[in-house]
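# Coordinate inspection notes
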Amino acid sequence: MKVSGKSIWSSHFSPDGNFFATGGADHIVRVWEVNDFSEECRTLFNPTPVREYAEHTADVLDLSWSTKNPSLLLSAGLDKKVTLWDISSSKPVHTFEVGSEVTAVAFVPDSENYFVSGSFDGITRLWDISKAAIISTAKISDNITSMRFSPDGEKLLVGSFKGKCFIYSLDNSGLHYTSVMTCKNRYGRYSGGRKVVGIHFISNSEVLITTADSRLRLMNLDDFSQRYKYKGHVNTQVQMAATMGEEHVICGSEDGKVCVWNKTSKYIPSINPKLLGRSATHNDSFEYFQPFGGVMVTNALFVPSKVLELSLIHICRCRRLLTCRSRWSPYH
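To keep things clear, this report deals only with the structure shown in the data block. If you're wondering where the values come from, they're calculated on a predicted model, not measured in any experiment.

So, on to the overall build of the protein. For the protein, the helix and strand inventory stands at two helices and 27 strands. Sorting the 332 residues of the protein into buried and exposed places 54% on the buried side. At a minimum sequence separation of 6, the contacts of the protein that also span at least 24 residues come to 48%. For the protein, the accessible surface area stands at approximately 14900 Å², while carbon and sulfur atoms represent 48% of it.

Below, the structure written as structure tokens:
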């Protein structure tokens with residue numbers, strides 16, 4: 001699969017596994033149809049996108065599919081707009097004018113009528129699609145860099161430029177602040193905090209957070225403890241969200257690698273690890289490969305199980321991983 005040669009900032013499979021969407025520095029949202037790995041078709045995607053949407057006039061930074069209606073897709077851009085697409089159509093359903101560069105967007109789980117957007121002005125906006133109106137807002141004194149809902153929709157995590165995750169609840173009256181979680185080192189070069197560039201929920205209480213200090217942190221939202229920290233990749237400048245499968249964590253890297261960690265390392269001693277200079281919760285044992293030479297990899301994600309269930313053919317060859325190449329862009 002080849003696009004424009006420019007950076008891909010966001011990529012997501014649709015909830016039903018039938019489509020894959022990308023958005024990036026060429027301002028275009030592309031939707032690809034996922035193949036079923038039949039005997040006649042041995043590639044994951046059809047070579048030509050089924051949709052190419054050119055409504056945005058600046059970088060597309062985030063995408064979100066509706067879990068209730070898998071044909072609905074949201075795109076957020078630096079042109080200060082969020083656009084709603086129905087992939088059955090070649091034209092946008094609606095464009096929402098935000099008033100600030102939009103860095104993050106997310107459908108409310110199990111809804112096709114409500115979504116949230118986050119932007120450089122520090123405002124999280126809850127939108128009613130049917131009314132094309134904002135129905136609730138929440139503001140922080142920092143740039144918003146990412147956001148995601150928990151699977152049950154009860155928690156919204158909003159990541160900031162200074163390495164904090166603000167936690168909100170959502171009910172019929174709107175957004176409500178509940179707590180804040182800091183994701184940074186206690187000392188060293190990045191002890192002041194670095195921007196949250198990715199949020200990936202594992203469950204309603206566990207979330208994998210990617211920060212621009214070349215660290216991934218698996219956090220527990222019940223007690224706000226850090227369960228594991230992963231390092232080995234390079235990420236100090238661009239959007240780069242890690243994801244987790246059943247047993248492994250993967251993430252791209254600015255030096256062209258795709259890094260793969262075990263969720264729990266087999267090489268960290270379980271008895272008195274500090275005596276050996278190691279922490280039982282820090283995992284820097286990883287494997288990597290370079291799919292595009294030294295070209296930066298901004299996206300690496302597991303192929304969903306729903307796609308793999310279509311057929312077991314070709315799994316070894318594709319290694320269950322999908323990567324997107326990138327060229328560095330100065331927008332960060």
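Once that is clear, we can look at the sheet that holds strand β21 (residues 243-244). Judged by pairing direction, the sheet is antiparallel, and its four strands sit side by side in the order β21-β22-β23-β25 without closing on themselves. Lying at the two open borders of the sheet, with one neighbouring strand each, are β21 and β25 (286-289). One ladder, built from five bridges, connects strand β22 (residues 248-252) with strand β23 (residues 258-262); its direction is antiparallel. Residue pairing across strands places Val-249 opposite Trp-261, the latter belonging to β23.

The next subject is the nonpolar core. Membership of the largest hydrophobic core comes to 19 residues, with the highest contact counts inside it found for Leu-208, Leu-216, Tyr-230, Val-249 and Trp-261. Secondary-structure elements contributing two or more residues to this core are β19 (215-220), β20 (225-231), β22 and β23. Contacts of Leu-216, omitting those with residues within four sequence positions, involve Leu-208, Ile-209, Thr-210, Tyr-228, Lys-229, Tyr-230, His-233, Ala-242, Val-249, Cys-251 and Trp-261. Counting 15 residues, the second largest nonpolar core, distinct from the first, contains Ala-104, Val-108, Val-116 and Ile-144.

Bringing the sheet that holds strand β5 (residues 60-65) into the picture now. One open sheet accounts for four strands, arranged β5-β6-β7-β8; its pairing is antiparallel. Two strands lie at the open edges of the sheet, namely β5 and β8 (92-97), each paired on one side alone. With direction set aside, neighbouring strand axes in the sheet form an average angle of 20 degrees. The sheet contact formed by strand β6 (residues 72-77) and strand β7 (residues 81-86) spans five bridges and is antiparallel. Bridging from a neighbouring strand, Leu-74 pairs with Leu-84 of β7.

Of all the six residues making up strand β9 (residues 102-107), six are buried; the element is thus mostly covered by neighbouring parts of the structure. Relative to strand β10 (residues 114-119), β9 runs antiparallel, the two being bridged by five bridges. Paired with Ala-104 across the bridge in β10 is Gly-118. In sequence, β9 turns back onto β10 through a hairpin of six residues, with Asp-110 there showing a positive phi of about 60 degrees.

About the thresholds
- Residues numbered from 1 in each chain as written.
- Predicted model: local features only at pLDDT ≥ 70, side-chain atom pairs only at ≥ 80, totals over all residues.
- Heavy atoms only, no water.
- Helix = DSSP H or I, 4+ residues; strand = E, 2+ residues; numbered from the N terminus.
- Buried < 20%, exposed > 50% of the residue type's maximum accessible area, 1.4 Å probe, protein only.
- Contact = heavy atoms within 4.5 Å.
- Areas by Shrake-Rupley, 256 points an atom, 1.4 Å probe, with all protein chains shown as cover.
- Pairing = 2+ DSSP bridges.
- Core = buried A, V, L, I, M, F, W, Y, C linked by side-chain atoms within 4.5 Å.
- Axes fitted to C-alpha atoms, helices over the stretch in contact; angles between N-to-C directions.

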